[in-house]
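So you can see what is in the structure, the chains are spelled out below.
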Amino acid sequence: MILVTLVCGLVLIALVVLGLFVFGLRRRLIQRSGGTFDCSLRWHAPKPDESADTSGKGWGYGVARYNGDRVEWFRVFSYAPRPRRILERSAIEVVDRRAPDGEEELALLSDAVVLGCLHRGVRLELAMSEDALTGFLAWLEAAPPGQRVNVA
């Protein structure tokens, strides 16, 4: 009986270590191509004229990666090899910028800035550091000639 308990415990520990290793390996593979930044995302965010939702609900912590004319967003706590959301540069419209408020400050990274956007008519919010925001806005404005870019 003791041997069975010991073996089960060792198998459980090995599975936990393997799971953590796969999380780290996945993040390394995402970051390998470069152009990545930490970015929280809230899909179907409330509109600015509605009462602001500062409860911190709906935010997903992730890593975003530039890939040509797209930003690919990956959830951090996922084993999926594909991005959860893909944002196309020509379809992104920046509508507002604000600091986290209320319980959002606890749900987001400490130095985050919240950027309100529209992507194909869907309201979303991206939360990233000031440095990442500067790079994101520069990427948006660096669209090829003839593409529509809407940066507020």
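Residues numbered from 1 in each chain as written. Predicted model: local features only at pLDDT ≥ 70, side-chain atom pairs only at ≥ 80, totals over all residues. Heavy atoms only, no water.

If you look the chain up in an unreviewed UniProt entry, it shows as DUF2550 domain-containing protein from Streptomyces silvensis.

Colleague: I tried to follow the nonpolar core on my own but got confused; where do I start?
Modeller: Side chains of a nonpolar character, in soluble globular proteins, are inclined to be buried together. Membership of the largest hydrophobic core comes to 23 residues, with the highest contact counts inside it found for L126, M128 and F136. Where this core is concerned, the elements lending two or more residues are β1 (36-43), β3 (70-75), β5 (92-98), β6 (112-119), β7 (122-129) and α3 (130-141). It is α3 that provides the largest number of residues to this core, a total of 6 residues. Excluding anything up to four places from it in sequence, F136 contacts F37, Y66, V71, I92, L115, L126 and M128. Membership of the second largest hydrophobic core comes to 5 residues, among which are W59, A112, V114 and A127. (Core = buried A, V, L, I, M, F, W, Y, C linked by side-chain atoms within 4.5 Å. Buried < 20%, exposed > 50% of the residue type's maximum accessible area, 1.4 Å probe, protein only. Helix = DSSP H or I, 4+ residues; strand = E, 2+ residues; numbered from the N terminus. Contact = heavy atoms within 4.5 Å.)

Colleague: Before we go on, may I ask you to explain the packing of aromatic side chains in this structure?
Modeller: For any two aromatic rings, the description comes down to two numbers: the centre-to-centre distance and the angle of the planes. All told, the structure shown has 3 aromatic pairs when counted by the stated rule. Ring geometry for Y66 against W139: centres 5.4 Å apart, planes inclined by 45°, an arrangement best described as tilted. A residue pair is termed long-range when its members are at least 10 positions apart, and Y66 in strand β2 (residues 60-67) and W139 in helix α3 qualify at 73 residues. The partly exposed category is assigned to Y66, whose relative accessible area is 23%. Within the aromatic cluster, the residues linked to one another by ring pairs are F37, Y66, F136 and W139. Seen from the ring of W43, R85 lies directly overhead, with NZ or CZ sitting 4.0 Å from the centre. (Phe/Tyr/Trp six-rings, centres within 6.5 Å; stacked < 30°, edge-to-face > 60°. Lys NZ or Arg CZ within 6 Å of the ring centre and 35° of its normal.)

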